[in-house]
Amino acid sequence: MDPASGAILDQRDLMKRLAGKQAVLLGETHDVAEIHRWQAHVIAHLQMVRPDIAVGFEMFPRRVQPVLDRWVAGELSTTAFIEESEWWTVWGFPPEIYLPIFHLCRAQRLPMLALNCHRPLVTRVGKEGWDAIPEAERDGLTPAAPATPEYRRYLYSLVGAGPAGRASDPMHPSWDRFVRAQQCWDRAFACNIARALDAPNPPLVVGIIGRGHLEFGGGTPWQLRDLGVNDVAVLLPSEAETQDLARIGGLGDAIFRIDAPEPPVGRAARAPASPKS
């Protein structure tokens, strides 16, 4: 569905159009297996139209990029890949719901890109602000473009007053810390996508990213535009039978209807806490 008009799109025509983009970002709710199956289907369809694809993952920080490379090259078992990528430390959701995508990349030799940053950096940026972080400790990131008022309101709508319950409204300075932390993630994904596109013959980058960073364009898409990456599409899944066009205008470029998910697989005990969707 086109969120702007409500029109049902021809999937083949849509995929042909998307294949000409610089990046196609696939939003997710992390613990819903049906969404990861949908992501694998989209990647496979796009690859049929445009073989030169790289798949970027929010799940992995840049420091484990060599492990992703070894996995795609066929040098690691599944168990070794999960362990060496520090999965239980950096992510922690059940790996089996992501494995179909990982195995697709391995089977088709699609480069896998680590899009995230060192997690403590997010906490420090939220608490201290970007300018307080020494350049050598910024994990290759540049400062985030300022959040728009719309993005601040969107984030506020997701989590209300925030974990501490101190922000009286989305424009209040007490909300800045949360926004700065969220934007650190947004910028990390954008910087690492832009880095992959900075090549003589860049691939189409498909991003696997939490939907809270993508919806309505204020997160990672906004940061990509700030980095000069303008030809980006956002696709989102939904199990809803109908859509309220008044509420979804600008949500993304297309909404895909998926089967109603099974009850979410519970977050693993070792999963790190996160305010993101």
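What counts and what doesn't
- Residues numbered from 1 in each chain as written.
- Predicted model: local features only at pLDDT ≥ 70, side-chain atom pairs only at ≥ 80, totals over all residues.
- Heavy atoms only, no water.
- Helix = DSSP H or I, 4+ residues; strand = E, 2+ residues; numbered from the N terminus.
- Buried < 20%, exposed > 50% of the residue type's maximum accessible area, 1.4 Å probe, protein only.
- Areas by Shrake-Rupley, 256 points an atom, 1.4 Å probe, with all protein chains shown as cover.
- Phe/Tyr/Trp six-rings, centres within 6.5 Å; stacked < 30°, edge-to-face > 60°.
- Lys NZ or Arg CZ within 6 Å of the ring centre and 35° of its normal.
- Core = buried A, V, L, I, M, F, W, Y, C linked by side-chain atoms within 4.5 Å.
- Contact = heavy atoms within 4.5 Å.
- Salt bridge = Lys/Arg side-chain N within 4 Å of Asp/Glu carboxyl O.
- Pairing = 2+ DSSP bridges.
- Axes fitted to C-alpha atoms, helices over the stretch in contact; angles between N-to-C directions.
- Left-handed = near helix turned anticlockwise from the far one by under 90°.
- Nonpolar A, V, L, I, M, F, W, Y, C, P; charged D, E, K, R; others polar.

When its secondary structure is counted, the protein shows eleven helices and six strands. With the principal axes as the frame, the protein shows a C-alpha extent of 50 × 45 × 40 Å. For the protein, buried positions account for 51% of its 277 residues. Of the roughly 12,600 Å² that the protein leaves accessible, carbon and sulfur atoms contribute 53%.

Inspection of every chain in the model, using the stated rule, returns 16 aromatic pairs. Ring centres of Trp91 and Phe93 lie 5.4 Å apart, and the angle between their planes is 55°; this geometry places the pair in the tilted category. Here Trp91 and Phe93 have matching classes, each one buried. Among the aromatic residues, those joined into a cluster by ring pairs are Phe57, Phe60, Trp71, Phe81, Trp87, Tyr98 and Phe102. In this structure, Arg106 packs its charged tip against the face of Trp71, placed 4.2 Å from the ring centre.

Moving on, we get to the nonpolar core. Ranked by size, the top nonpolar core spans 48 residues in total, and within it Phe57, Phe60, Phe81, Phe102 and Met112 carry the most contacts. Examining the composition of this core, we find that seven residues originate from one element, helix 2 (residues 33–49), more than from any other. Once residues within four sequence positions are removed from consideration, Phe60 is found in contact with Leu68, Phe81, Ser85, Trp87, Phe102, Met112, Ala114, Leu115 and Asn116. Judged by nonpolar contacts, the second largest core, of 33 residues, contains Val125, Cys184, Val234 and Ile248.

All right, on to the pattern of salt bridges then. Tallying each qualifying case throughout the model produces 14 salt bridges. Here Arg63 and Glu86 are joined by a salt bridge, their closest N and O atoms 2.9 Å apart. Here Glu86 lies in the loop between helix 4 (78–84) and helix 5 (87–90) and Arg63 lies in the loop between strand 2 (53–61) and helix 3 (65–72), a separation of 23 residues in the sequence. On the accessibility criterion, Glu86 (29% relative accessible area) is partly exposed. Several salt bridges share partner residues, and in doing so they unite Arg70, Glu75 and Glu84 into one network.

Turning to the sheet that holds strand 1 (residues 23–28), a few remarks are in order. Spatially, the six strands line up as an open sheet ordered 3-2-4-1-5-6, and their pairing is parallel. Each of the sheet's edge strands pairs with one partner strand only, and the pair in question is strand 3 (112–116) and strand 6 (254–257). Shown here is a sheet whose adjacent strand axes are inclined to one another by a mean of 30°, direction ignored. Both strand 2 and strand 4 (residues 204–210) contribute to a ladder of five bridges, which runs parallel. In the strand pairing of strand 4, Val55 is matched with Val206. Set on the sheet, helix 2 makes contact with strand 1, strand 2, strand 4, strand 5 (232–238) and strand 6; between it and strand 1 the angle comes to about 165°. Along the sheet, helix 6 (residues 99–108) contacts strand 2 and strand 3; its crossing angle with strand 2, the most-contacted strand, is approximately 140°.

Let's shift gears to the side chain of Arg50. Mapped onto the secondary structure, Arg50 falls in the loop between helix 2 and strand 2. Ignoring anything within four residues of it in the chain, the contact list for Arg50 reads Ala19, Gly20, Lys21, Pro202, Pro203 and Leu204.

Turning our attention to the packing of helix 7 (residues 119–128) against helix 9 (residues 176–197). For any two helices packed against each other, the geometry is given by the interaxial angle and the distance between the axes. Orientation of helix 7 relative to helix 9, taken along the N-to-C sense of each, is 145°, at an axis distance of 7 Å. As for the relative orientation of helix 7 and helix 9, their crossing is right-handed in sense. Facing helix 7, whose interface residues are Arg119, Leu121, Val122, Val125, Gly126 and Lys127, helix 9 presents Arg177, Arg180, Ala181, Cys184 and Trp185. Residue classes in the contact of helix 7 with helix 9 are distributed as six nonpolar, one polar and four charged.

Here the focus is helix 6. Within helix 6 the residues assigned to the buried category are Leu99, Ile101, Phe102, Leu104 and Cys105. Here the buried face of helix 6 lies against helix 2, strand 2, helix 3, helix 4, helix 5 and strand 3. Of the residues one or two after helix 6, Arg109 is the one with positive phi, at around 55°.

This part is about unusual backbone geometry. In this model, Glu86 sits at a positive phi of 60°, which is unusual for a non-glycine residue. Positive phi values are uncommon outside glycine, yet Arg109 reaches one of about 55°. With respect to the helices, strands and loops of the structure, Arg109 is situated in the loop between helix 6 and strand 3. Since its relative accessible area comes to 48%, Arg109 is described here as partly exposed.

Geometric descriptors of this kind do not, in isolation, establish any biological role.
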